[in-house]
Amino acid sequence: MASLKELSKRTEGLVGGHRACAGCAASTAIRQILLAAGDKPTVTGICTGCMEVVTTIFPYTAWNVNLVHNAFENSAATVSGMEAAYRALKRKGKIDAEIQFIAFGGDGGTYDIGLQSLSGAIERRHKMLYVCYDNEAYMNTGYQRSSATPYCAHTTTSPAGTKIPGKPQKRKDLTEIIIAHDPAYAAQATPGYYMDLIRKVEKALAADGPSFINVLSPCVPGWGYPLNQTMNISKLAVETLFWPIYEWQDGKYKINMKPREPKPLVDFLKLQARFRHLLKPGNEHLLEELQAEVNRRWEVLLRKEQATNG
Ligand SMILES: Cc1ncc(C[n+]2csc(CCOP(=O)(O)OP(=O)(O)O)c2C)c(N)n1
């Protein structure tokens, strides 16, 4: 695995001058991911979403690697098509470079509208990495809820008030949906644990087939926290068991960080305006429900790890 020193000497794949918000975790994650990809030729695609909008304002680009802009729904389809064309050219002897392929999408473009193209790309077994930067809502269009938005989060289309306590439904577990496709590699990560993310990207790109990394990416305006808290919140998501970082390969689960004493979920929630209503008197039962759900999912994950490594 590349050391920090080695990484610092590599050519940046995402450079300065883009217009992401101060404190944006997704732009940090993409930068880390492209550094991890190394200096091998890399072809990327990204669907409509914050990261595409802020990095490719015509006539500029912040991408130092080849990038195709896709519609909202087809990052996986486009990049898998390029990978197929590359394999054909290689077979015909017209190209001999070793090229790696990475598709990016936000949670709206991945959990929701691009799910079919991602599912198809994995089923066809293209050798490509798909990264979902999951900021848990449709952020660039005005903070609307997505199927990645957690239960009780306030968004502009699930406003917390007297009618609903924020989003009334639970979050979709996309990582497990992808694992059910039997990919070559799948993982959850967050830029707060950056060396873990880097190691996962290296593993995913080395895997012989489709790979997937779901990266929790805190969003300053959408989640409503002070912009110097991004990495702290990324870590708290893991330390409170809200976002376990784990990986899956060859049928085996591995949890990469098991807090000895998990912090209470409220430590993660209380820093964010989207959960502020949960701290008001009368909403204790919602906090309990959220904590119980996090505990339940953690127990299931622990059992999966035990069952597949026994
Ligand atoms: C088929 C289609 N529907 C809706 C839109 C409008 N649209 C563009 S980006 C976006 C939300 C993207 O959300 P997400 O993928 O979560 O990325 P984020 O903005 O949070 O980075 C929407 C609704 C579109 N471009 N195409």
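This structure is a prediction, so every number in the text was calculated from the model and none was measured.

1. Thoughts on the overall build of the protein chain
- Scanning the protein chain for helices and strands turns up 12 helices and 8 strands.
- At 19 Å, the protein chain has a C-alpha radius of gyration in line with the 19 Å of a compact globule built from 310 residues.
- Seen along its three principal axes, the alpha-carbon backbone of the protein chain occupies a region of about 70 × 50 × 40 Å.
- Relative to its full complement of 310 residues, the protein chain shows a buried share of 51%.
- A separation threshold of at least 6 residues defines the contact pool for the protein chain, and within that pool the share at least 24 residues apart is 70%.
- Carbon together with sulfur atoms contributes 55% to the accessible area of the protein chain, which is approximately 13800 Å² in total.
- Computing the positive centroid from 37 side-chain charges and the negative centroid from 30, the protein chain places the two 2 Å apart.

2. Considerations on the site of the ligand
- What surrounds the ligand is a group of 17 residues, the closest being Cys50, Gly108, Gly109, Tyr133 and Asn140.
- Residue Asn135 places a side-chain N or O atom 3.0 Å away from an oxygen atom belonging to the ligand.
- Contact between the ligand and Met139: an oxygen atom at 2.9 Å from a main-chain N or O atom of the residue.
- For the ligand, the accessible surface in isolation is 590 Å², of which the surrounding protein chains cover 75%.
- With 3 residues, helix 5 (residues 107-112) is the single largest residue contributor to the shell around the ligand.
- By residue class, the composition of the shell around the ligand is 7 nonpolar, 8 polar and 2 charged.

3. Side note on the pattern of salt bridges
- This structure, assessed with the given rule, holds 16 salt bridges.
- Between Lys200 and Asp196 there is a salt bridge, with the nearest N and O atoms lying 2.8 Å from each other. Of this pair, Lys200 and Asp196 are both found in helix 8 (residues 194-206), 4 residues apart, which corresponds to roughly one turn of the helix.
- A relative accessible area of 0% means that Lys200 is categorised as buried.
- Between Glu293 and Arg296 there is a salt bridge, and its shortest N-O distance comes to 3.1 Å. Here the residue Glu293 and the residue Arg296 both occupy positions in helix 12 (residues 284-309), the gap between them amounting to 3 residues, near one helical turn.
- The partly exposed category is assigned to Arg296, whose relative accessible area is 45%.

4. Some details on the environment of Glu123
- With respect to the element layout, Glu123 can be found in helix 6 (residues 115-123).
- Measuring from C-alpha to C-alpha, the distance between Glu123 and Pro210 comes to 8.4 Å, with 87 residues separating the pair along the chain.

5. A few points about the packing of aromatic side chains
- Using the criterion set out here, one finds 8 aromatic pairs in the structure.
- Between Tyr130 and Phe212, the aromatic rings sit 6.2 Å apart at their centres with planes inclined by 20°, giving stacked as the arrangement. Here Tyr130, found in strand 4 (residues 129-134), pairs with Phe212, found in strand 6 (residues 211-216); they are 82 residues apart in sequence, far enough to count as distant. Accessibility classification places Tyr130 together with Phe212 in one group, the buried group.
- Seen from the ring of Trp223, Arg274 lies directly overhead, with NZ or CZ sitting 3.9 Å from the centre.

6. Describing the packing of helix 2 (residues 25-37) against helix 8
- One way to put it is that helix 2 packs onto helix 8 with a least axis distance of 9 Å and a crossing angle of 50°. Taken together, the axis directions place helix 2 and helix 8 in an arrangement best described as oblique. Along this stretch, helix 2 crosses helix 8, giving a crossing that reads as right-handed. Between helix 2 and helix 8, the contacting residues are Ala29, Gln32, Ile33, Ala36 and Ala37 on the first element and Tyr194, Leu197, Ile198, Val201, Glu202 and Leu205 on the second.
- Its residues placed into classes, the contact of helix 2 with helix 8 shows 9 nonpolar, 1 polar and 1 charged.

7. Focus: helix 10 (residues 230-239)
- Helix 10 sits mainly inside the fold: 7 of its 10 residues count as buried.
- Among the residues making up helix 10, those that are buried are Thr230, Ile233, Ser234, Leu236, Ala237, Val238 and Glu239.
- Residues of helix 10 that are buried in the fold lie against helix 2, strand 6, helix 9 (220-224) and helix 11 (266-269).
- Of the residues flanking the end of helix 10, it is Leu241, one or two places downstream, whose phi is positive at about 75°.

8. Focus: the UniProt feature "domain: Thiamine pyrophosphate enzyme TPP-binding" (unreviewed entry) in the protein chain
- UniProt's entry tags residues 48-215 with the feature "domain: Thiamine pyrophosphate enzyme TPP-binding" (unreviewed entry), counted in the numbering of this structure.
- Each end of residues 48-215 is marked by a C-alpha atom, and these two atoms are 17 Å apart; helix forms 34% of the span and strand 17%.

So, how was this worked out
The numbers attached to residues start from 1 for each chain and follow its sequence in the written order. Since the coordinates come from a predicted model, pLDDT governs what is reported: local features require at least 70, and pairs of side-chain atoms require 80 or more to be given and counted, while whole-chain, interface and lining totals use all residues. Side-chain measures were taken over the full set of non-hydrogen atoms in the model, leaving aside hydrogen atoms and water. Only DSSP runs of H or I with at least four residues qualify as helices, and only runs of E with at least two residues qualify as strands; both kinds are numbered from the N terminus onward. The globule rule used here is 2.2 Å times the number of residues to the 0.38 power, and the radius of gyration it is set against is calculated over C-alpha atoms. Exposed residues in this analysis have more than 50% of their type's maximum accessible area, buried residues have under 20%, and partly exposed residues fall in between, with area computed by a 1.4 Å probe over protein chains only. The contact rule is simple, with two residues in contact once any of their heavy atoms fall within 4.5 Å. All accessible-area figures derive from a Shrake-Rupley calculation using a 1.4 Å probe, and residue coverage is judged against the displayed protein chains alone. Only four residue types enter the tally: Lys and Arg on the positive side, Asp and Glu on the negative side; His and the chain ends are excluded. For the purpose of locating charges, the reference atoms are NZ of Lys, CZ of Arg, CG of Asp and CD of Glu. One heavy atom within 4 Å of a molecule or strand makes the whole residue count as near it. Two N or O atoms count as a polar contact when they lie within 3.5 Å, although within protein this holds only if one can serve as hydrogen donor and the other as acceptor, and sequence-adjacent residues are included solely when both atoms are side-chain atoms. Only Asp, Glu, Lys and Arg are considered charged, only Ala, Val, Leu, Ile, Met, Phe, Trp, Tyr, Cys and Pro nonpolar, and every remaining residue, Gly among them, polar. One side-chain nitrogen of Lys or Arg within 4 Å of one carboxyl oxygen of Asp or Glu is enough to make a salt bridge. Only Phe, Tyr and Trp rings take part, Trp by its six-membered ring, and two of them pair if their centres are within 6.5 Å. Stacked means planes under 30 degrees apart, edge-to-face means over 60, and tilted covers everything else. Lysine and arginine charges are scored as sitting over a ring when NZ or CZ, respectively, is within 6 Å of the ring centre and within 35 degrees of the ring normal. Angles here are taken between N-to-C directions and fall from 0 to 180 degrees, while the axes themselves are lines fitted to C-alpha atoms, restricted in helices to the stretch in contact. These descriptions rest on fixed angle ranges, namely under 35 degrees for roughly parallel, over 145 for roughly antiparallel, 65 to 115 for roughly perpendicular, and the rest for oblique. Take the far helix as your reference; a near helix turned counterclockwise from it by less than a right angle gives a left-handed crossing, and one turned clockwise gives a right-handed crossing. UniProt positions are given in the numbering used here, feature names are shortened, and annotations may be inferred rather than shown by experiment.

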